[in-house]
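So the chains spell out like this:
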Amino acid sequence: MMGPEEESMETLTLATSAATTAASDYHSAISTSTSQEIHRDPLLSPPVPPNFALSPSSSFVDPPSYSDVVFTPFNSSNGSVSPSPSSSTSNYLRITVSDPVQEPETVSTSLVPGSGSGGYFTYLITSRARDGTDSQVRRRFRDFVTLADRLAESHRGLFVPVRPDKGVVEGRVMKSADFIEQRRVALERYLRRLAAHPVIGKSDELRVFLQAEGRLPLLPTTDVASRMLDGAVRLPRQLSGVEMAGPEEVVQPAKGGRDLLRIFKELKQTVTNEWVGARPAVVEEDREFLEKKDILQDLELQLTTTSQHAENLVKAQQDIGETMGELGLAFIKLTKFESDEATLDSQRTRAADMKKVATAAVKASRLYRELNAQTVKHLDTLHEHLGIMLSVHTAFSDRSSALLTVQTLMSDLSTLNSRVEKLEAAASKIFGGDRSRLRRVEELKETIKVTEDAKFCAVREYERIKDNNRSELERLDCQRRDDFLSMLKGFVISQVGYYEKIGSVWETVADEMHEYSRVKESNGQ
Amino acid sequence: MISTDNDPVETSQSPRSPSGKAFVMISVTEPVKMGTGVQSYISYRVITKSNMTEFEGPEKIVIRRYSDFEWLHDKLSEKYKGIFIPPLPEKSAVEKFRFSAEFIEMRRQGLDVFINRIASHPVLRKSEDLRTFLLEEEERMERIRSIEAGIFSKKSSDIFQMFKDVQSKVSDVVLGKEKPVEESDPEYEKLKTYIFELENHLAETQKQAFRLVKRHRELGQSLADFGKAMKLLGACEGESFGKAFSELGSKGEILSLKLQKEAYNLLMNFEEPLKDYVRAVQSIKATMADRANAFRQHCELAETTKLKEINLDKLRLMHSERAREAEIDFKESKAESEEATKRFEAIINTMNEELARFQEQKTAELGLAFHEFAKGQAKLAHDVADAWRGVLPKLEAL
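Please read these numbers as outputs of a predicted model, since none were measured by experiment.

1. Observations regarding the overall build of chain A
Turning to step 1, where the next piece is worked out: Broken down by element type, chain A carries 13 helices and three strands.
Turning to step 2, where the next piece is worked out: Counting the 525 residues in chain A, one finds 44% classified as buried.
Turning to step 3, where the next piece is worked out: Look at the contacts in chain A between residues 6 or more apart in sequence, and 78% of them connect residues 24 or more apart.
Turning to step 4, where the next piece is worked out: Put simply, chain A shows about 27,300 Å² of open surface, and 55% of that area lies on carbon and sulfur atoms.

Structure (structure tokens):
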């Protein structure tokens, strides 16, 4: 009698316990609800149809806008969640990352034969651009890293979405099915965020990444080792100060072996700025910017705390749903036992009562878990915006390093100019001219000219970055307001909807048990 | 099946006003901490309201402590074999929890239920010991209690019983019977299995119920923290936004309190009844042990009597002088054996009555617990929905 239903009850519990043993990560709640969809229990009411009737006494009106959120079971298309509303204006209508496939390494990189994990994973990336172009390419994680680096270089000052982390530990951890799935989801979200950005979404780098078949035609950044080698060869000439940096190179931040000298100089400048207290020629004067920065710092702090507590809330909701389900299960087992073994009517009555309570508990448990899936979806906004803070930091540090470059060049210039002055003064004292000194003055004047060009580029770059910062800050403020409003509404609406349902489930049972509250006359046979 | 002299007696489990019928209502109230340090304990005010002369009506008040209740429980267990003596709430508790408000209330409730069950039991309510418990002054009660503790303390009577058990086991072995003698009634076997399995199932439900209480508390805590954090987050945003966050945060804090309240309600009115159910089943197991003992005695004495009869016949045939002694001995043994058999059969009858009563009682009590549970959950859910709904207008306005 209880067979199939009881079985599905058990699977219900099993699915949950599997999910709980997985990471208590925010997003495991998503996979929990997905598996629930599969193990449907016939004992409970059928899956909520769109016209699920609310109890008539409910003052909760306005079916259309709420019903979508409340009554649609959590949408799971490959487990991914649609990002913020701004994606509707994205340059790409659809991006999916799927089908992880393990490819063998062409050249074994491990020294110990047989210890290599057999290769890397590639992912299938399908996309449809605004103009209707459909594309399908295969990329590996390394390609994403390249894309991220390229975007960072060419979009300084913008809030460039941060790419997913590399695996922390090499070897087995990188290849587990869970890890691959987590990565797939993360990569998909990353690409969608890129596409949603008004500037990056239209960038060539992204387009090439999504559409160019075969190997990714973006130059990867050379790794530090080779740069060091490079740098070592060129160092002597740099130290002599004769090496002239092209203006275009100047606008890139100093990094790697080639720019050792520049790094030294900029470091010296930083020290000067901080310790000597000499006011550099150009400072961050934009008061509005500094105020904004403070506010954002505060916001980041609050976001961190709130998102932590949001995670705890999600866990607590998950737990209560789970325990409610287990309580229901325990009662189901007891009911079955009592009705099987019943010899007296009182037992049968009790078994029947218990069954009502058990059924309600299981129903409530399912509702809690559905609610939680919604809650995760909504409160995820907090996480998103925390992630955006990372991009903001990068954009702000783009700004300060550009400023540092300008300051360094200006200090260079003043040094050079004063050297020229001294030399000219000394040369003029010698009658008939000092040919060697004059020659050096000429050389210095050449260097000054080049440096002034570089400074011109650097200032221009700095201004560009400042503009980027400003427009991005405005955009972020708007986006944040929209997102937070969505989040609050979504959270509240789903709470109201689901708790009303839970309430009516229990109310029915309470009514049915009402007779017991009229305390009976105790029996005295 | 129905014994004489048992007009239904109204007790505090039926608050209908006395209509001239005999009634007795007992309340265990006002727990007060007495003494200091390790010696400290809780005393309770036991108020007996009755229109029956045996309870010195209309009202009698005494002060009692847990060990007094224990004394009563033990006396009743001794004297009324076959009856499922109502269980006491737990004896010991973790030290620091012992004086917590929650534990004290749980115990008070448990003791109240205990004493009223005794007073409403058709047989137990007539017991002398019950009257002693309800009516005696404190000093006498204390003396009575310590006397019993001295001579017939549970421990020493246990040891006594253990000796007897060893004795009978030894004689079993000597007589060639290795196994302890047990009834072979299939119905009773079924009942035993039922009781043992029932305890397991009940223990599981009680465990989950307790966990559910904890979950309510945890959810409440997390909502409070979340609410506070949201308030602070809102302060970073502008005026209007800040207000919405603040409203949401406050609701979170309010709901946290409601959840804590419901957790307490669940503990007292749902988890405790389930725990009580488990204890009641354990009491049945104790009765079953009594029945097994009675059965063993009945078998042993019957066996002994038979042997004595054989011996007597032998002596008679031999015209021995010891025949007379043996006859007296045999007659004594026979009388004892008949007593033991009567006792055993009385237990069987009582148990059958008790079982029917037990099942009915449990259905009613559990039904009430279910009602409370469902009611509490329904109210909580509606409160939560209402609270969040209140935030919506502020959000719409943005």
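On we go.
2. Digging into the packing of helix α2 (residues 101-120) of chain B against helix α3 (residues 128-135) of chain B
Residue and element names in this part refer to chain B.
Turning to step 1, where the next piece is worked out: In contact at an axis separation of 11 Å, α2 and α3 are set at 135° when each is read in the N-to-C sense. Here α2 is positioned oblique relative to α3, judged by the angle of their axes. With respect to the hand of their crossing, α2 and α3 are arranged in left-handed fashion. For the pair formed by α2 and α3, the contact residues are Ile115, Ile118 and Ala119 on the first element and Leu130, Phe133 and Leu134 on the second.
Turning to step 2, where the next piece is worked out: Residue classes in the contact of α2 with α3 are distributed as six nonpolar, no polar and no charged.

3. Things to note about a negative patch on the surface
Residues and elements named next belong to chain A.
Turning to step 1, where the next piece is worked out: On the surface, Glu288, Glu291, Asp294, Asp298 and Glu474 cluster together into a negatively charged patch.
Turning to step 2, where the next piece is worked out: Ranked by residues supplied to the negative patch, first place goes to helix α11 (residues 287-341) with four residues.
Turning to step 3, where the next piece is worked out: Counting through the fold element by element, glutamate 474 comes out in helix α13 (residues 435-512).

4. As for α3 of chain B
Turning to step 1, where the next piece is worked out: Counting buried positions along α3 of chain B gives six out of eight residues, so the element sits mostly inside the fold.
Turning to step 2, where the next piece is worked out: Among all positions in α3 of chain B, only Asp129, Leu130, Thr132, Phe133, Leu134 and Leu135 of chain B are buried.

5. Here we look at the interface of chain A and chain B
Turning to step 1, where the next piece is worked out: Contacts between the two partners involve 71 residues from chain A and, on the opposite side, 74 residues from chain B.
Turning to step 2, where the next piece is worked out: Here chain A and chain B share an interface that buries about 6,600 Å² over both sides, 71% of which is from carbon and sulfur atoms.
Turning to step 3, where the next piece is worked out: Taken together, chain A and chain B are joined by five salt bridges.
Turning to step 4, where the next piece is worked out: In this structure, the salt-bridge partner of aspartate 319 of chain A is arginine 215 of chain B, at a minimum N-O distance of 3.7 Å.
Turning to step 5, where the next piece is worked out: If you look at where chain A meets chain B, you find 14 residue pairs in polar contact (both at pLDDT 80 or more).
Turning to step 6, where the next piece is worked out: At the level of elements, α11, α12 (345-429) and α13 of chain A are the ones that each hand at least two residues to the side of chain A that touches chain B.
Turning to step 7, where the next piece is worked out: Per-element accounting of the side of chain A that touches chain B gives the leading share, 25 residues, to α11 of chain A.

6. Details of empty space enclosed by the protein
Take a probe with the size of a water molecule and roll it over the atoms, and the empty space left behind shows itself.
All names here are of chain B.
Turning to step 1, where the next piece is worked out: With the rule as written, the count across this model stands at nine cavities of 30 Å³ or more.
Turning to step 2, where the next piece is worked out: Here the largest cavity defines a volume of roughly 170 Å³.
Turning to step 3, where the next piece is worked out: Lining of the largest cavity is provided by 14 residues; of these, Phe84, Pro86, Arg117, Phe358 and Gln361 occupy positions nearest its centre.
Turning to step 4, where the next piece is worked out: Contributions of two or more residues to the lining of the largest cavity are made by α7 (239-317) and α8 (322-389).
Turning to step 5, where the next piece is worked out: Residue contributions to the lining of the largest cavity peak at five residues, all from α8.
Turning to step 6, where the next piece is worked out: Of the residues that constitute the lining of the largest cavity, the class distribution is seven nonpolar, three polar and four charged.

7. Re the confidence of the model for chain A
Residues and elements named next belong to chain A.
Turning to step 1, where the next piece is worked out: The share of residues in chain A with pLDDT of 70 or more is 66%, and the mean pLDDT across the chain is 75.
Turning to step 2, where the next piece is worked out: Of all helices and strands in chain A, the one with the weakest mean pLDDT is helix α3 (residues 63-71) (38), whereas α11 scores best (94).
Turning to step 3, where the next piece is worked out: The model gives residues 1-87 a pLDDT under 50, and that stretch makes 115 contacts with residues more than four places away or in other chains.
Turning to step 4, where the next piece is worked out: Across residues 222-245, where pLDDT falls below 50, the model places 22 contacts with residues more than four positions away in sequence or in other chains.

8. Description of the sheet that holds strand β3 (residues 59-65) of chain B
The strands that make up a sheet pair up through hydrogen bonds in the backbone, lying either parallel or antiparallel.
Residues and elements named next belong to chain B.
Turning to step 1, where the next piece is worked out: Pairing is antiparallel in the open sheet, where three strands are placed in the order β1-β2-β3. At either end of the open sheet lies a strand with only one pairing partner, and these are β1 (24-34) and β3. Across the sheet, the mean angle from the axis of one strand to that of its neighbour is 20°, orientation sign disregarded.
Turning to step 2, where the next piece is worked out: The sheet contact formed by strand β2 (residues 41-50) and β3 spans seven bridges and is antiparallel. Bridge pairing links isoleucine 47 to isoleucine 61 in β3.
Turning to step 3, where the next piece is worked out: Most of the contacts of α2 go to β1, to which it runs at about 150°, and overall it touches β1 and β2.

9. What about the confidence of the model for chain B?
Residue and element names in this part refer to chain B.
Turning to step 1, where the next piece is worked out: Counting all residues, the mean pLDDT for chain B is 86, and 86% of those residues have values of 70 or more.
Turning to step 2, where the next piece is worked out: Per-element confidence in chain B ranges from a low mean pLDDT of 57 for helix α5 (residues 154-174) to a high of 95 for helix α6 (residues 186-236).
Turning to step 3, where the next piece is worked out: In this model, residues 1-5 is a region of pLDDT below 50 whose contacts with residues beyond four sequence positions or in other chains number six contacts.
Turning to step 4, where the next piece is worked out: When the criterion is pLDDT under 50, residues 13-18 qualifies, and its contacts beyond four places in sequence or with other chains add up to 14 contacts.

10. Section: the sheet that holds strand β3 (residues 134-140) of chain A
Residues and elements named next belong to chain A.
Turning to step 1, where the next piece is worked out: Pairing within the open sheet is antiparallel, and its three strands lie in the order β1-β2-β3. Both outer strands of the open sheet, β1 (92-103) and β3, are each paired with one neighbouring strand and no more. Geometrically, the sheet is characterised by an average inter-axis angle of 20° between neighbouring strands, direction not taken into account.
Turning to step 2, where the next piece is worked out: For strand β2 (residues 120-129) and β3, the ladder comprises seven bridges, and the chain directions are antiparallel.

11. Examining the environment of arginine 193 of chain A
Residues and elements named next belong to chain A.
Turning to step 1, where the next piece is worked out: Mapped onto the fold, arginine 193 is located in helix α6 (residues 177-196).
Turning to step 2, where the next piece is worked out: Counting along the chain gives 33 residues from arginine 193 to valine 160, while the straight-line C-alpha distance between them is 9.1 Å.
Turning to step 3, where the next piece is worked out: The contact partners of arginine 193, leaving out residues within four places of it in the chain, are Pro161, Val162 and Glu384.

12. Quick word on the packing of aromatic side chains
Turning to step 1, where the next piece is worked out: Under the criterion given, the structure shown has 19 aromatic pairs over all chains.
Turning to step 2, where the next piece is worked out: Ring plane angle 65° and centroid distance 4.9 Å describe the contact between tryptophan 506 of chain A and phenylalanine 373 of chain B, whose orientation is recorded as edge-to-face. One end of the pair, tryptophan 506 of chain A, is in helix α13; the other, phenylalanine 373 of chain B, is in helix α8, on a second chain. Each of the two residues, tryptophan 506 of chain A as well as phenylalanine 373 of chain B, counts as buried.
Turning to step 3, where the next piece is worked out: Put simply, the rings of Phe331 and Trp506 of chain A together with Phe270, Phe370 and Phe373 of chain B touch in pairs and so form one group of aromatic residues.
Turning to step 4, where the next piece is worked out: The ring of tyrosine 120 of chain A carries the charged tip of arginine 140 of chain A above its face, separated from the ring centre by 3.5 Å.
Turning to step 5, where the next piece is worked out: The aromatic ring of tyrosine 188 of chain B is capped on one face by arginine 291 of chain B, whose charged end is 3.5 Å from the ring centroid.

Definitions and limits used
Residues numbered from 1 in each chain as written. Chains lettered and ligands numbered in written order. Predicted model: local features only at pLDDT ≥ 70, side-chain atom pairs only at ≥ 80, totals over all residues. Heavy atoms only, no water. Helix = DSSP H or I, 4+ residues; strand = E, 2+ residues; numbered from the N terminus. Buried < 20%, exposed > 50% of the residue type's maximum accessible area, 1.4 Å probe, protein only. Contact = heavy atoms within 4.5 Å. Areas by Shrake-Rupley, 256 points an atom, 1.4 Å probe, with all protein chains shown as cover. Axes fitted to C-alpha atoms, helices over the stretch in contact; angles between N-to-C directions. Parallel < 35°, antiparallel > 145°, perpendicular 65-115°, else oblique. Left-handed = near helix turned anticlockwise from the far one by under 90°. Nonpolar A, V, L, I, M, F, W, Y, C, P; charged D, E, K, R; others polar. Patch = residues over 30% accessible without salt bridge, like charges linked within 9 Å, V, L, I, M, F, W, Y side chains within 5 Å. Salt bridge = Lys/Arg side-chain N within 4 Å of Asp/Glu carboxyl O. Lys, Arg positive; Asp, Glu negative; His and termini not counted. Charge placed at Lys NZ, Arg CZ, Asp CG, Glu CD. Buried area = accessible area lost by both parts, 1.4 Å probe. Polar contact = N/O pair within 3.5 Å; in protein donor to acceptor, adjacent residues only side chain to side chain. 1 Å grid on protein atoms, 1.4 Å probe; cavity = no way out; pocket = protein on both sides within 12 Å on 5 of 7 lines; lining within 4 Å. Points joined across faces, edges and corners; volume = space filled by probe spheres on them. pLDDT = per-residue confidence, 0-100. Pairing = 2+ DSSP bridges. Phe/Tyr/Trp six-rings, centres within 6.5 Å; stacked < 30°, edge-to-face > 60°. Lys NZ or Arg CZ within 6 Å of the ring centre and 35° of its normal.

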